[in-house]
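Chain residues, written in single-letter form:
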Number of protein chains: 2
Amino acid sequence: MTRSPADHGRPTPRSAKPRPLTLRDVSEASGVSEMTVSRVLRNRGDVSEGTRARVLEAARRLGYVPNRIAGALASQRVNLIAVIIPSLSNLVFPEVLGGISSELEGTGLTPVVGVTNYSPAREEQVLYEMLSWRPSGVILAGLEHTPAARAMLLSAGIPVVEIMDVDGTGVDSVVGISHRRAGRQMAQAIVAAGYRRIGFLGTKMPEDHRSRKRLEGFAEGLAEAGLQLADREFYSGGSALKKGREMTEAIMARSPDLDFLYYSNDMIGAGGLLWCLEAGIDVPGRLGLAGFNGVDLLEGLPRRLATMDACRAEIGRRAARIVGGHETGPKVVELTPVLQPGDTIRPSA
Amino acid sequence: MTRSPADHGRPTPRSAKPRPLTLRDVSEASGVSEMTVSRVLRNRGDVSEGTRARVLEAARRLGYVPNRIAGALASQRVNLIAVIIPSLSNLVFPEVLGGISSELEGTGLTPVVGVTNYSPAREEQVLYEMLSWRPSGVILAGLEHTPAARAMLLSAGIPVVEIMDVDGTGVDSVVGISHRRAGRQMAQAIVAAGYRRIGFLGTKMPEDHRSRKRLEGFAEGLAEAGLQLADREFYSGGSALKKGREMTEAIMARSPDLDFLYYSNDMIGAGGLLWCLEAGIDVPGRLGLAGFNGVDLLEGLPRRLATMDACRAEIGRRAARIVGGHETGPKVVELTPVLQPGDTIRPSA
DNA sequence: CTGAAAGCGCTAACAT
DNA sequence: ATGTTAGCGCTTTCAG
């Protein structure tokens, strides 16, 4: 690429942009046909040690990086798994990703991540983008999607695994937990421990269906015992730990007779716990607390917050196994979260 | 695709795998040539309103999703930016990603993320994978790479932006802060506040060069005042908050006369802070504390840990701007982290 | 404003 | 064990 006179005023070009190398270059440099070079580079078919060595040497020397775009087009095969999640700052999703990656390791499949920020429209858009690269599978969070997104998933002709949640109807395979059941189970444990005036603190995100389902299940669990939520408080945005403090202070100021607070996630629960301890509130005697997720962070708190493990890494692993084509089992895999009472629920009466 | 007799024994196929639709299908359905359909779908060139409408209608009705693999091969253009980072569970990197995404929004470029787990070999491998998709730019963390990785970056013929760290020599553009300077600055602030017996607590990760550089700068800063580190403690893996507690307890048991603890990140610093408060230690009178990063989490703690903002989102935004081809400025952009004294350094004497 | 032809860089399928 | 041929589905280029 020669520089035109117009180039004069411009800053130095980022780099001389040489035409990227092709198989042909390696072929010429090694004196082996393109086809055989291709075979060597992909470890496919029988190639004699001699030619293999010559080809690899030439490829290395030239710094050849194969063009997968061409390869994928020719072979009609793409080693990519689209993974679509609501957020990366939630800590939960990186853990799921970890599970997916570890399981995909060595299968030749590579996860590619897209983030929706809990917006269904954005999810649709991200899905469209990713499908346009013709991945060999899709893993996405939740069962709620726009009609167009569902349609795309149905007609994509590839394995689809919806994760995190089993309360609803999936497109293809589903791996997750029942958040409704988790909420109910927590309610039962709380009631069994003798708490009666119970408040809920959570996010104000209409699109966080899992949090919503937990709350619904929780309310059902209370209803079974003839109880109902005594008060509730919602937030959005900001430092979750700080919000947890503020909300806890607010709800306790408004309803001082509450004897239990159920948080929609561990982070705000941790904030609430810190506030209670500072305020000199007897936890779990005077006031019980519980969160959800079972995040690592909890281990470092002054007291262990009661929580429920969401099986994050395991969900990722199972989903990866299914999308990779192994695992011929049922279409719906329901994992069972375990209640971790910690130190913030008093022992059952 | 008809089912062969061999299909009998297999579980129901995941889905009837229809040949994905092509431009030709849309062309036939709309009675418009492939070429014009292509133009409509890409908003390129002039197309009459009538044909445009007919094409869009047909595409929508069929559920056509373009094949970017073919498109990219034909146009020699890929709208992808490779982003390579060490970890997703660090909280720091999702924030950088946020900056990158927000800046790329609307430019037609899409970030694609690869994770190295702080392994140079893995980084090389991920880079190779990503370059094989011929992205139009690369953003990657740090200045330290394997020789092969450097070579690939140099010959890729695309913009390369190395982020987070400016202490060293980059391949192309660099956006970050000087961790060495950050460490030194913190040391100076601590010394100015009158602390003299200073300990360091950090990760045991040989490949975390930024943490290492901070420590080096910190030691230099102390040396300028005729001081040196009185003790140090390292960890790896596990819940950072908990590790912070444990390490703090350990180092204070071993060196009870320490009057300041410098942590390599806020998370372990927060753990240390919680431990100190519980242990009834006067912070910052008897013992001062400081971390690094300026994470959101700190806002919810009982006391605000002293820290230094690492300019994470800004780094992401600047890097994205450069890799996108805007910003013709200098090759190295050094951002300036700001010391946030919080409540854990006593006022300077 | 619309269409026809050529080919992007690679691999499947078939020779040899 | 190695080479040849014919596309993959799209976009570029040039012609109407």
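Thresholds applied
- Residues numbered from 1 in each chain as written.
- Chains lettered and ligands numbered in written order.
- Predicted model: local features only at pLDDT ≥ 70, side-chain atom pairs only at ≥ 80, totals over all residues.
- Heavy atoms only, no water.
- Contact = heavy atoms within 4.5 Å.
- Buried area = accessible area lost by both parts, 1.4 Å probe.
- Salt bridge = Lys/Arg side-chain N within 4 Å of Asp/Glu carboxyl O.
- Helix = DSSP H or I, 4+ residues; strand = E, 2+ residues; numbered from the N terminus.
- Nonpolar A, V, L, I, M, F, W, Y, C, P; charged D, E, K, R; others polar.
- Domains from an automatic or database assignment.
- 1 Å grid on protein atoms, 1.4 Å probe; cavity = no way out; pocket = protein on both sides within 12 Å on 5 of 7 lines; lining within 4 Å.
- Points joined across faces, edges and corners; volume = space filled by probe spheres on them.
- Near = heavy atom within 4 Å.
- Polar contact = N/O pair within 3.5 Å; in protein donor to acceptor, adjacent residues only side chain to side chain.
- pLDDT = per-residue confidence, 0-100.
- Least-squares fit on C-alpha atoms with pLDDT ≥ 70 in both.
- Expected span 1.5 Å × (residues − 1).
- Axes fitted to C-alpha atoms, helices over the stretch in contact; angles between N-to-C directions.
- Parallel < 35°, antiparallel > 145°, perpendicular 65-115°, else oblique.
- Left-handed = near helix turned anticlockwise from the far one by under 90°.
- Pairing = 2+ DSSP bridges.
- Phe/Tyr/Trp six-rings, centres within 6.5 Å; stacked < 30°, edge-to-face > 60°.
- Buried < 20%, exposed > 50% of the residue type's maximum accessible area, 1.4 Å probe, protein only.
- Lys NZ or Arg CZ within 6 Å of the ring centre and 35° of its normal.
- Core = buried A, V, L, I, M, F, W, Y, C linked by side-chain atoms within 4.5 Å.

Digging into the interface of chain A and chain B
Accessible area lost upon the coming together of the parts is a frequently used measure of interface size.
At step 1: Facing the 54 residues of chain A at the interface are 54 residues of chain B.
At step 2: Taken together, both faces of the contact between chain A and chain B bury some 4900 Å²; the carbon and sulfur share is 60%.
At step 3: At the junction of chain A and chain B, the tally comes to 4 salt bridges.
At step 4: We note a salt bridge from Glu299(A) to Lys242(B), for which the minimum N-O separation is 3.2 Å.
At step 5: Among the secondary structure elements, those contributing two or more residues to the side of chain A that touches chain B are α4 (68–75), α5 (92–104), β2 (110–115), α6 (120–131), α10 (240–254) and α11 (266–278) of chain A.
At step 6: The element that contributes the greatest number of residues to the side of chain A that touches chain B is α4(A), accounting for 5 residues.
At step 7: Class assignment for the residues of the side of chain A that touches chain B results in 29 nonpolar, 11 polar and 14 charged.

Describing the domain arrangement of chain A
At step 1: In terms of domains, chain A is made up of domain 1 (21–66), domain 2 (76–177 + 313–334) and domain 3 (179–311).
At step 2: Relative placement of domain 1 of chain A and domain 2 of chain A: their C-alpha centres are 36 Å apart.

A few points about empty space enclosed by the protein
At step 1: In this structure the tally under the stated criterion is 2 cavities of 30 Å³ or more.
At step 2: Within this model, the largest cavity holds a volume of roughly 180 Å³.
At step 3: If you go around the largest cavity, you meet 16 residues; those closest to its centre are Glu123(B), Ala141(B), Glu144(B), Glu207(B) and His209(B).
At step 4: Elements supplying a minimum of two residues to the lining of the largest cavity: β1 (80–85), α6 (120–131) and α9 (209–224) of chain B.
At step 5: The class makeup of the residues in the lining of the largest cavity is 7 nonpolar, 4 polar and 5 charged.
At step 6: Each of domain 2 (76–177 + 313–334) and domain 3 (179–311) of chain B contributes no fewer than three residues to the lining of the largest cavity.
At step 7: Its boundaries defined by the atoms lining it, the second largest cavity holds a volume of some 30 Å³.
At step 8: Lining the second largest cavity, in full, are Leu241(A), Leu297(A), Leu301(A), Leu241(B), Leu274(B), Leu297(B) and Leu301(B).
At step 9: Counted by class, the lining of the second largest cavity contains 7 nonpolar, no polar and no charged residues.

Concerning the protein's contact with DNA strand C
At step 1: Around DNA strand C sit 24 residues, and of these Leu23(A), Ser38(A), Tyr64(A), Arg77(A) and Arg39(B) come closest.
At step 2: When the atoms of DNA strand C within 4 Å of the protein are sorted by group, sugar and phosphate make up 68%.
At step 3: A distance of 2.6 Å separates a phosphate oxygen of DNA strand C from a polar atom in the side chain of Arg77(A).
At step 4: Taking Gln76(B), its side chain carries an N or O atom lying 3.1 Å from a phosphate oxygen of DNA strand C.

Notes on the confidence of the model for chain A
Reading predicted coordinates in detail is not appropriate for stretches of low pLDDT.
At step 1: Summarising the model, chain A shows a mean pLDDT of 92, and 94% of its residues fall at 70 or more.
At step 2: Here residues 1–16 of chain A scores under 50 on pLDDT; set against residues more than four positions off or in separate chains, the count is 10 contacts.

Here's the deal with the protein's contact with DNA strand D
At step 1: Taken together, the neighbourhood of DNA strand D is formed by 24 residues, with Asp46(A), Leu23(B), Ser38(B), Tyr64(B) and Arg77(B) sitting nearest.
At step 2: Of what DNA strand D places within 4 Å of the protein, 64% of the atoms are sugar or phosphate.
At step 3: One of the backbone nitrogen or oxygen atoms of Ala74(A) is found 3.1 Å away from a base oxygen of DNA strand D.
At step 4: The contact in question runs from a phosphate oxygen of DNA strand D to an N or O atom on the side chain of Ser38(B), over 2.3 Å.
At step 5: Among the elements of the structure, α2 (34–42) and α4 of chain A together with α2 (34–42) and α4 (68–75) of chain B are those that each provide at least two residues to the surface near DNA strand D.
At step 6: Per element, the largest residue contribution to the surface near DNA strand D is 4 residues, and it comes from α4(B).

Some points on the relation of the copies chain A and chain B
At step 1: Of the transformation placing chain A onto chain B, the axial shift is 0.0 Å and the rotation is 180°, giving an RMSD of 0.1 Å. Taken together, the rotation and translation relating the two chain copies correspond to the operation of a two-fold axis. Residue Ile69(A), judged by its C-alpha, is the member of chain A lying nearest the rotation axis, at 2.8 Å.
At step 2: Most of the interface of chain A is mirrored in chain B, where 98% of its interface residues are also at the interface.

Some thoughts on helix α8 (residues 179–192) of chain A
At step 1: Taking 1.5 Å per residue, 14 residues should reach 20 Å; α8(A) reaches 20 Å between its end C-alpha atoms and fits that length.
At step 2: Looking one or two residues beyond α8(A), the residue adopting positive phi is Gly194(A), at roughly 95°.

Here we look at the packing of α8(A) against helix α9 (residues 209–224) of chain A
Residue and element names in this part refer to chain A.
At step 1: Relative orientation of the contacting elements α8 and α9 amounts to 40°, with a least axis distance of 6 Å. Taken as axis vectors, α8 and α9 run oblique relative to one another. Note on packing geometry: the crossing formed by α8 with α9 is right-handed. From α8, His179, Arg180, Gly183, Arg184, Met186, Ala187, Gln188, Ile190 and Val191 reach across to α9, where they touch Arg210, Lys213, Arg214, Glu216, Gly217, Phe218, Glu220, Gly221, Leu222 and Glu224.
At step 2: Among the residues making up the contact of α8 with α9, the classes are represented as 6 nonpolar, 5 polar and 8 charged.

Brief notes about the sheet that holds strand β3 (residues 137–141) of chain B
Residue and element names in this part refer to chain B.
At step 1: Pairing is parallel in the open sheet, where 6 strands are placed in the order β2-β1-β3-β4-β5-β11. In this open sheet, the two strands that pair with only one neighbour each are β2 (110–115) and β11 (332–334). Neighbour to neighbour, the strand axes of the sheet diverge by 15° on average, direction disregarded.
At step 2: Pairing of β3 with strand β4 (residues 160–165), which is carried by 4 bridges, proceeds in the parallel orientation.

Observations concerning the packing of aromatic side chains
All names here are of chain A.
At step 1: Under the counting rule described, the total for this entry stands at 9 aromatic pairs over all chains.
At step 2: Judged by centre distance (4.8 Å) and plane angle (65°), the rings of Tyr195 and Phe260 are edge-to-face. Of the two residues, Tyr195 is situated in the loop between α8 and β6 (198–203) and Phe260 in strand β8 (residues 260–263); the sequence distance between them amounts to 65 residues. Exposure class is identical for Tyr195 and Phe260. Each is buried.
At step 3: Grouped by ring-pair contacts, the aromatic residues Phe200, Phe218, Phe234 and Tyr262 constitute a single cluster.
At step 4: A cation over a ring is seen here: Arg214 above Phe292, with NZ or CZ 3.9 Å from the ring centre.
At step 5: The cationic tip of Arg346 hangs over the ring face of Tyr195; the distance from NZ or CZ to the ring centre is 4.0 Å.

Things to note about the nonpolar core
At step 1: Within the largest apolar cluster, 64 residues are counted, with the highest numbers of intra-cluster contacts made by Ile139(A), Ile163(A), Ile139(B) and Ile163(B).
At step 2: Ile139(A) has contacts with Ile81(A), Ala82(A), Val83(A), Ile84(A), Ile100(A), Val161(A), Ile163(A), Ala319(A), Ala320(A) and Val323(A), leaving out every residue within four places of it along the chain.
At step 3: Ranked by size, the runner-up nonpolar core spans 50 residues in total, among them Ile251(A), Leu289(A), Ala240(B) and Leu274(B).

Here's the deal with α2(A)
Because an α-helix completes one turn every 3.6 residues, residues spaced three or four positions apart along the sequence face the same direction.
Residue and element names in this part refer to chain A.
At step 1: Buried residues of α2: Thr36, Val37, Ser38 and Val40, and no others.
At step 2: Tucked inside the fold, the buried residues of α2 contact α1 (23–30) and α3 (49–62).
At step 3: Note on α2: the residue one or two positions beyond its end, Asn43, has a positive phi of about 55°.

What to know about the pattern of salt bridges
Residues and elements named next belong to chain A.
At step 1: The tally for this structure, following the rule as stated, stands at 50 salt bridges over all chains.
At step 2: One salt bridge in this structure joins Arg24 and Glu28, with 3.5 Å as the shortest N-O distance. Taken together, the positions of Arg24 and Glu28, both in helix α1 and 4 residues apart, correspond to about one turn of that helix.
At step 3: For Glu28, a relative accessible area of 56% corresponds to the exposed category.
At step 4: Taken together, the shared-partner salt bridges connect Arg180, Arg184, Arg212, Glu216, Glu220 and Glu224 into one network.

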